[in-house]
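Each chain, written out:
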Amino acid sequence: MPGLRRASALALIAGLAGAAMAAPAMAQSCHGAPTGVRVSLTVQGVRSDKGNVAAVVFGDDQRRYLKPNGELETVRDPAAPGTTTLCFWLPKAGDYALFVYHDANANGDIDTGLLGIPKEGFAFSNNVRPKLSAPSFHSTHFTAGPGETSLTVQLHYR
């Protein structure tokens, strides 16, 4: 009987440990109210754990793209060196674009230099790298359908 209890206890512990390891992946909290359209954004190349990683979400109204107060929302999570993952809900299925940056000083803005070039790490959806001007909505847009859309961007630091 003691061997049976020990085996049952070990099975119970193994089951609880497995459930505990699976829980974070299933319980990842997402920004916003659930809508059925979810984005899981992996941000690679984060240089430090200082500040936050922010994702600025733009809808398909191209007149508002990259304009002051033109975003649908901005989501922020604490930075983690290497890779940071953000999760957020979108209002509905459709076309969107992202501007992502490492707000290392946590001031809520992308810090720029004299010519408007970001001083902090940044990326656009589709990993578009701007040349002499900001990229177009057309080049950075992605389509989010019902369910989960997974995206990955690589931060670029100047």
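S.K.: An account of the overall build of the protein chain is needed here, citing residue identities and associated values.
M.R.: On a plain count of helices and strands, the protein chain comes out with two helices and eight strands. For the protein chain, the α and β elements follow one another from N to C terminus as α-β-β-β-β-β-β-α-β-β. For the protein chain, restricting intrachain contacts to residue pairs at least 6 apart in sequence, the fraction spanning at least 24 positions comes to 71%. Carbon together with sulfur atoms contributes 58% to the accessible area of the protein chain, which is approximately 9,200 Å² in total.

S.K.: Mind laying out the environment of Val75, listing which residues take part and the relevant values?
M.R.: Of note, Val75 is situated in strand β3 (residues 73-78). Since its relative accessible area comes to 2%, Val75 is described here as buried. Taking C-alpha positions, Val75 is 8.3 Å from Val53, a pair spaced 22 residues apart along the chain.

S.K.: With reference to specific residues and values, describe the pairing of strand β5 (residues 94-103).
M.R.: β5 sits mainly inside the fold: eight of its ten residues count as buried. Alignment of strand β2 (residues 52-58) against β5, held across seven bridges, turns out to be antiparallel. From the neighbouring strand, Phe58 faces β5, where its bridge partner is Ala97. Where β5 meets strand β6 (residues 122-124), three bridges bridge the pair, whose relative direction is antiparallel. Within β6, the position partnered with Tyr101 by the bridge is Phe122.

S.K.: Explain the packing of aromatic side chains to me, and be specific about the residues and the numbers.
M.R.: For the structure on display, the rule yields seven aromatic pairs. Seen from their ring centres, Tyr65 and Phe137 are 5.6 Å apart, and the 80° between their planes marks the pair as edge-to-face. Here Phe137 lies in helix α2 (residues 137-140) and Tyr65 lies in the loop between β2 and β3, a separation of 72 residues in the sequence. Among the residues examined, Phe137 registers a relative accessible area of 6% and is labelled buried.

S.K.: Provide a residue-level description of the side chain of Thr140, including the pertinent values.
M.R.: Tracing the chain through its elements places Thr140 in helix α2. For Thr140, a relative accessible area of 0% gives the class buried. Apart from residues lying up to four places away in sequence, Thr140 is in contact with Tyr65, Tyr96, Ala97, Phe124, Ser125, Asn126, Val128 and Pro135.

S.K.: Lay out the state of the cysteines with the relevant residues and their values.
M.R.: This model, assessed by the stated rule, comprises one disulfide. Here Cys30 is linked by a disulfide to Cys87, with a sulfur-sulfur distance of 1.7 Å. With the S-S bond torsion at 50°, the cross-link from Cys30 to Cys87 turns out right-handed. With a gap of 57 residues between them, Cys30 in the loop between α1 (2-26) and β1 (37-46) and Cys87 in strand β4 (residues 82-89) connect regions that are remote in the sequence. Accessibility expressed as a relative area gives 17% for Cys30, which makes it buried. For Cys87, a relative accessible area of 1% translates into the label buried.

S.K.: Which residues make up the side chain of His156, and what are the values?
M.R.: Here His156 lies in the segment after β8 (147-154). There is a polar contact of 3.4 Å between the side chain of His156 and the side chain of Arg129.

S.K.: Help me get a handle on the sheet that holds β1, residues and values and all.
M.R.: The strand order across the open sheet formed by three strands is β4-β1-β8, and the pairing between neighbours is mixed. Strands with a single pairing partner mark the edges of an open sheet, and in this sheet they are β4 and β8. The average undirected angle you get between the axes of adjacent strands in this sheet is 20°. Of the strand pairs in this sheet, β1 and β4 are connected by eight bridges, and their pairing is antiparallel. Bridge pairing links Leu41 to Leu86 in β4.

The rules we used
- Residues numbered from 1 in each chain as written.
- Predicted model: local features only at pLDDT ≥ 70, side-chain atom pairs only at ≥ 80, totals over all residues.
- Heavy atoms only, no water.
- Helix = DSSP H or I, 4+ residues; strand = E, 2+ residues; numbered from the N terminus.
- Contact = heavy atoms within 4.5 Å.
- Areas by Shrake-Rupley, 256 points an atom, 1.4 Å probe, with all protein chains shown as cover.
- Buried < 20%, exposed > 50% of the residue type's maximum accessible area, 1.4 Å probe, protein only.
- Pairing = 2+ DSSP bridges.
- Phe/Tyr/Trp six-rings, centres within 6.5 Å; stacked < 30°, edge-to-face > 60°.
- Disulfide = S-S within 2.5 Å.
- Polar contact = N/O pair within 3.5 Å; in protein donor to acceptor, adjacent residues only side chain to side chain.
- Axes fitted to C-alpha atoms, helices over the stretch in contact; angles between N-to-C directions.

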